[in-house]
Amino acid sequence: METLELLYTHRSLIKPEHYRSLFLATTNLDGASAEQYAAIAGELFTKDTEGVVQALADLSDGDNRQRVISSIAYHLGYQDVSQVKQELEQWQTNKELDDPEKNVIASLISAINHP
């Protein structure tokens, strides 16, 4: 929990080269830790959508990727969900994405639709 508090406090210092390590740290999170992790991952996604999508697309562990996507979707659920989905769909349409990146966006949209 203390590590997550530190990460959350200094989340502006988390750079794209750190995303993979952060995304691999999803095991054994209890309720409060999961909430804090979702806030960190969700804010990173909001700040750097492209970097987060690329990092998630590069993760080889599909279960881990889905846990992070679920955390991001949980965080985005506190916003106007219809607007978030519209922005994701526009981003998906207007960006040059490879197949793994398209899958990440599709999984995120699905996770938002089915919290």
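Refer to the structure presented above.
Q: Quick one: what's the story with the overall build of the protein chain, residue by residue and with numbers?
A: When you go through the protein chain residue by residue, the secondary structure sums to seven helices and zero strands. Counted from the first residue to the last, the protein chain has its helices and strands arranged as α-α-α-α-α-α-α. The globule rule puts the C-alpha radius of gyration for 115 residues at 13 Å, and the 13 Å found for the protein chain is close to it. For the protein chain, the spread of C-alpha atoms along the principal axes amounts to about 40 × 30 × 25 Å. If you sum the accessible surface of the protein chain, you get close to 6,700 Å²; carbon and sulfur atoms cover 48% of it.

Q: Can you explain the packing of aromatic side chains? Please cite residues and give values.
A: A complete count under the given rule lists two aromatic pairs for this structure. Seen in terms of ring centroids, Y74 and Y78 are 5.5 Å apart; in terms of plane orientation they differ by 90°. Their pairing is edge-to-face. With relative accessibility at 57%, the residue Y78 sits in the exposed group. R11 extends its terminal NZ or CZ atom over the ring of Y8, reaching a point 4.0 Å from the ring centre.

Q: Account for the environment of H114, naming residues and giving values.
A: By the secondary structure assignment, H114 is in the segment after α7 (99-113). When its relative accessible area of 59% is taken as the criterion, H114 is described as exposed. Put simply, H114 and Q92 are 22 residues apart on the chain and 19 Å apart in space, counted from C-alpha to C-alpha.

Q: Mind laying out the environment of L22, listing which residues take part and the relevant values?
A: Looking at the secondary structure, you find L22 in helix α2 (residues 16-23). Separated by 18 residues in the primary sequence, L22 and I40 place their C-alpha atoms 9.3 Å from one another. Once residues within four sequence positions are removed from consideration, L22 is found in contact with L7, Y37, I40 and L44.

Q: An account of α7 is needed here, citing residue identities and associated values.
A: The end-to-end C-alpha distance of α7 is 21 Å, a good match for the 21 Å that 15 residues give at a rise of 1.5 Å each. Within α7 the residues assigned to the buried category are E101, V104, I105, L108, I109, A111 and I112. Burial along α7 is one-sided: seen end-on, the buried residues are contained in an arc of 165°. Buried residues in α7 make contact with α3 (31-47), α4 (49-58), α5 (62-76) and α6 (81-94). By the N-cap criterion, in which a side-chain oxygen at the helix start approaches the backbone nitrogen of a residue two or three places on, α7 is capped by D98, the distance to E101 being 3.0 Å.

Criteria and cut-off values
Residues numbered from 1 in each chain as written. Predicted model: local features only at pLDDT ≥ 70, side-chain atom pairs only at ≥ 80, totals over all residues. Heavy atoms only, no water. Helix = DSSP H or I, 4+ residues; strand = E, 2+ residues; numbered from the N terminus. Rg over C-alpha atoms; globule rule 2.2 N^0.38 Å. Areas by Shrake-Rupley, 256 points an atom, 1.4 Å probe, with all protein chains shown as cover. Phe/Tyr/Trp six-rings, centres within 6.5 Å; stacked < 30°, edge-to-face > 60°. Buried < 20%, exposed > 50% of the residue type's maximum accessible area, 1.4 Å probe, protein only. Lys NZ or Arg CZ within 6 Å of the ring centre and 35° of its normal. Contact = heavy atoms within 4.5 Å. Expected span 1.5 Å × (residues − 1). Arc of directions from axis to C-beta. Polar contact = N/O pair within 3.5 Å; in protein donor to acceptor, adjacent residues only side chain to side chain.

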